[in-house]
Structures are given as C-alpha cells and as structure tokens.
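# Structural description and commentary
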Amino acid sequence: MNENVKEIRKELYNLRSTIRNESLKLRGVDLDKVNALEERMEKNHNNLIDRLHKIRISQGEARAKSQEKLMKIDKSALREEANNKIKGLLKDYKLGFFRKCGCNINEVCDFLYHGAEDEGITTEDESGMNRVTVSGPYDTEKMQAQPVVDINGNVPHNYIGQIFRYFVFHFEPGETRTYCIQPEIYLNGWWLIWPFNSGTCPPSDVINGRGTIWIKLRVEARQGGDLHYVEHVVVMEENIEAPGDREGPVYYVPSAKTNLQVELRAHEDVAVIVYCEVYAETSNVCRAIVDLGSSPGFYFRVPKVDVGPKIRCLTLKEEALGERVLEELGRLIIVDERPIIDKEFPPEPDCLPGPCFTKFKPSLKQFNEKYIG
C-alpha cells in the first residue's frame with residue numbers, strides 16, 4: 001500500500017478512536033476501567049483459542065499420518081496392475097482387443113525451485129499495533145511450505161493478511177500433442193473465525209465483528225509465451241459475523257480439480273507451477289486464523305507432478321485388425337486372438353478398470369448379456 005495512503009488511514013483509525021473515547025467520557029464512562037476490561041477480555045479470549053489450538057494440532061498430526069500413507073502409494077503401479085487384470089480377462093475370454101485411452105501417465109516432472117519466503121506476503125494493519133502475523137517457510141526436502149495467517153483483531157479496526165506459496169516443476173514433451181498434467185497436492189491444517197460484539201450501550205452502539213478467510217489452489221503450465229491454467233480451486237471459504245463463531249480442519253488430497261489437459265509443442269521446455277493462496281480479513285473486533293504451518297503435521301505439500309500424453313479413444317473395425325500392434329493408432333493395445341463375437345467391441349463398462357473384475361468373473365454368456373446385450 002502507498003505510504004501516503006497508509007498514513008491517511010492510520011489517521012482515520014486514530015480519529016475513530018478519539019471519537020469513541022470522547023463519546024464515552026461525555027457519558028460519564030471511566031475509560032481506564034473500560035480499557036482494563038477490554039484487555040482482560042482479550043486475554044481470556046486468546047487463552048481459549050490457545051487451548052483449542054493445541055487440541056486441533058494433535059488431531060491434525062493424526063490426519064497427517066493418514067496423508068503420509070497416501071503419498072507413499074505407487075499410483076503408477078496401481079494403474080499397471082489394473083491394465084494387467086483387464087488384459088488377463090480379455091485373454092481368458094478370447095476377446096480381440098481393448099481400448100487404452102485417456103491419460104497415459106508415464107513421467108514425473110523435475111522439481112526446479114520454490115518461491116522466496118518473503119515473497120507473496122501482504123498485510124494491512126493500519127492501527128500500527130502489529131496484530132497481523134503472516135509467515136510461510138519452505139522445506140525442499142519435504143516439498144512443502146507452511147503458510148500461516150493470524151489476525152488478532154481484538155480492537156475495533158480492519159485487518160488483512162495474505163500469502164501465496166508456490167513450487168515450480170519442469171518437463172520437455174517428446175512430441176506435439178495433448179498432455180495430461182496431474183499434480184499431487186496435499187493440505188492439512190486448521191482455521192478459526194471468532195468475532196466479538198463491541199460497544200457499551202446495546203443495541204444502538206453494538207458493532208458486530210466480522211471475519212473472512214479462504215484457501216485457493218491454482219495450477220499453471222507455461223511454454224514459451226503460452227499460459228495454460230486451472231481456474232482457482234477454492235479449498236475452503238468462510239464468512240462469519242458476530243454473534244456467530246466457527247472453526248474446523250483444513251484437509252485436501254489430490255483430485256481431478258487441479259489436473260490440466262493442454263496442447264504442447266515437442267522439445268520445448270514446459271514449466272508447471274503449483275500455487276496455494278491463503279487469505280484472512282477481519283473488521284471491528286475479530287480473531288481469524290488460517291494455520292497450515294504451526295505444527296510438523298500442518299502444511300501445503302506438492303511431492304510430485306505426473307505427466308503423460310492424452311490418448312484418443314478409438315474402436316477398430318474387424319478389417320483393421322492385423323498382427324499384434326502395440327504403439328500405433330492412439331496407443332491401442334491389440335492381443336493376438338481374434339474376437340469370437342460378431343459385433344464391434346462394446347463401450348467400456350462403468351467400472352473398467354475396476355474392482356468388478358476381481359469380484360465378478362462371468363461366464364462368456366453373462367459377459368455378453370452384461371456388456372453387449
């Protein structure tokens with residue numbers, strides 16, 4: 001914010017405080033007692049939050065252990081196992097071919113770098129009372145950042161805290177075509193909005209505290225001057241006004257919401273950037289916290305970004321079948337046996353690949369009835 005604007009808004013805050021204090025004096029209110037009461041209430045308020053915070057940290061560490069297990073799963077091995085099961089089923093029933101299409105994830109992007117710790121931080125605290133705390137250290141070994149925004153707005157004023165953290169990855173396409181980019185993103189943490197009512201003579205002088213917080217994710221792919229991106233994915237957003245109050249966990253695991261499918265040029269570097277943005281704002285009297293970093297189990301983590309070509313779904317006609325073909329025609333996999341059915345291969349069943357073939361092993365008649373009709 002421009003320094004001149006800061007000074008004007010600080011003077012506005014001081015003017016409001018003066019008006020409030022002088023108004024109370026005219027009513028015969030003892031300002032020293034009012035200030036002492038407010039300080040005592042603020043201390044009690046923050047003590048309650050600290051006690052709650054310790055409980056949520058303990059619960060968050062348990063969630064982090066669950067996420068750690070998910071991170072260790074080799075998803076490429078799961079995909080290969082599913083494909084092998086389908087190929088085995090086709091061979092058992094002497095079906096001639098099947099379509100391997102969609103995202104053929106076959107590569108992991110190289111990690112390049114992350115942002116600087118003092119980058120992407122915004123604070124507005126016009127009272128000059130240092131009531132907005134924003135931090136976000138990086139850990140390259142764990143591929144994580146730990147952003148925290150904490151607004152201790154227990155005096156009547158407006159405050160803003162904002163931070164974004166990001167990681168940059170790289171790969172080089174082998175050919176010009178559409179690629180699937182699938183980042184693994186994990187969030188674990190805690191949030192809180194506790195607004196107060198302020199004023200001494202309700203209802204006319206009561207001012208409701210108000211708080212707003214949100215967390216957003218964004219994935220970009222840059223190649224030369226081209227920018228491809230996912231619109232901001234809102235992980236959470238809360239807007240609360242006194243006398244309400246609310247708090248809860250922050251939890252996010254990989255989902256298709258942050259996946260990209262983009263047309264890329266061969267042999268030209270692509271940068272993939274994964275962002276997390278955290279924002280909190282309060283007005284009047286309110287405490288707001290977005291915590292992705294006060295404990296080892298709280299974080300924004302991007303352990304890797306998978307990438308691979310998008311493969312068109314094609315169906316071969318009978319006359320197009322030749323000897324074994326593995327890499328042509330949109331990566332169709334064709335086995336040696338010819339179809340024994342007199343129709344084109346049916347559309348993929350809903351659970352292909354999936355658990356239905358491990359739990360349900362039909363006879364050929366049942367297979368035809370279920371999937372061919």
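A quick note: this is a predicted structure, and the numbers were derived from the prediction, not measured.

### Describing the overall build of the protein chain
A count of helices and strands for the protein chain gives five helices and 22 strands. Within the protein chain, the proportion of its 373 residues that are buried is 42%. As displayed, the protein chain has an accessible area near 20,000 Å², and 50% of this comes from carbon and sulfur atoms.

### Considering the packing of aromatic side chains
Tallied over the full model, the rule gives nine aromatic pairs. With 5.6 Å between their ring centres and 55 degrees between their planes, F167 and F300 make a pair best called tilted. Within this pair, whereas F167 is found in strand β10 (residues 159–171), its partner F300 is found in strand β21 (residues 299–311), the two being separated by 133 residues in sequence. We classify F300 as buried; its relative accessible area is 0%.

### A word on the environment of V234
The residue V234 is located in strand β16 (residues 233–241) in this model. Apart from the residues lying within four places of it in its own chain, the contact partners of V234 are I215 and K216.

### A closer look at the pairing of strand β11 (residues 177–195)
The element β11 is largely enclosed, with a buried count of 17 among its 19 residues. Note that β11 and strand β18 (residues 260–264) share five bridges and pair antiparallel. Counterpart to T178 in the pairing with β18 is E263. The pairing of β11 with β21 spans nine bridges and is antiparallel. Bridge pairing links E184 to K304 in β21. The pairing of β11 with strand β17 (residues 246–252) spans seven bridges and is antiparallel. Following the sheet pairing, W191 is matched in β17 by G248. In the sheet, β11 pairs with strand β20 (residues 286–291) via six bridges, with the strands oriented antiparallel. If you follow P195 over to β20, its bridge partner there is C286.

### Concerning the state of the cysteines
In the structure shown here, the tally under the stated rule is one disulfide. Shown here is the disulfide that connects C103 with C180, its sulfur atoms set 2.1 Å apart. The S-S bond linking C103 to C180 shows a torsion near -75 degrees; that makes this disulfide left-handed. Of the two residues, C103 is situated in strand β2 (residues 102–103) and C180 in strand β11; the sequence distance between them amounts to 77 residues. According to the relative accessible area criterion, C103 is partly exposed, its value standing at 27%. On the basis of relative accessibility, which here comes to 1%, the residue C180 falls in the buried class.

### Quick look at the confidence of the model for the protein chain
Averaged over the protein chain, the pLDDT score is 78; the fraction of residues at 70 or greater is 67%. When pLDDT is averaged over each element of the protein chain, strand β7 (residues 138–139) comes out on top at 98 and helix α4 (residues 356–359) at the bottom at 41. Scored below 50 in pLDDT, residues 200–204 makes four contacts in the model with residues more than four places away or belonging to other chains. Predicted confidence is poor over residues 316–346, with pLDDT under 50, and the contacts of this stretch with residues over four places away or in other chains come to 64 contacts.

Procedures and definitions
- Residues numbered from 1 in each chain as written.
- Predicted model: local features only at pLDDT ≥ 70, side-chain atom pairs only at ≥ 80, totals over all residues.
- Heavy atoms only, no water.
- Helix = DSSP H or I, 4+ residues; strand = E, 2+ residues; numbered from the N terminus.
- Buried < 20%, exposed > 50% of the residue type's maximum accessible area, 1.4 Å probe, protein only.
- Areas by Shrake-Rupley, 256 points an atom, 1.4 Å probe, with all protein chains shown as cover.
- Phe/Tyr/Trp six-rings, centres within 6.5 Å; stacked < 30°, edge-to-face > 60°.
- Contact = heavy atoms within 4.5 Å.
- Pairing = 2+ DSSP bridges.
- Disulfide = S-S within 2.5 Å.
- pLDDT = per-residue confidence, 0-100.

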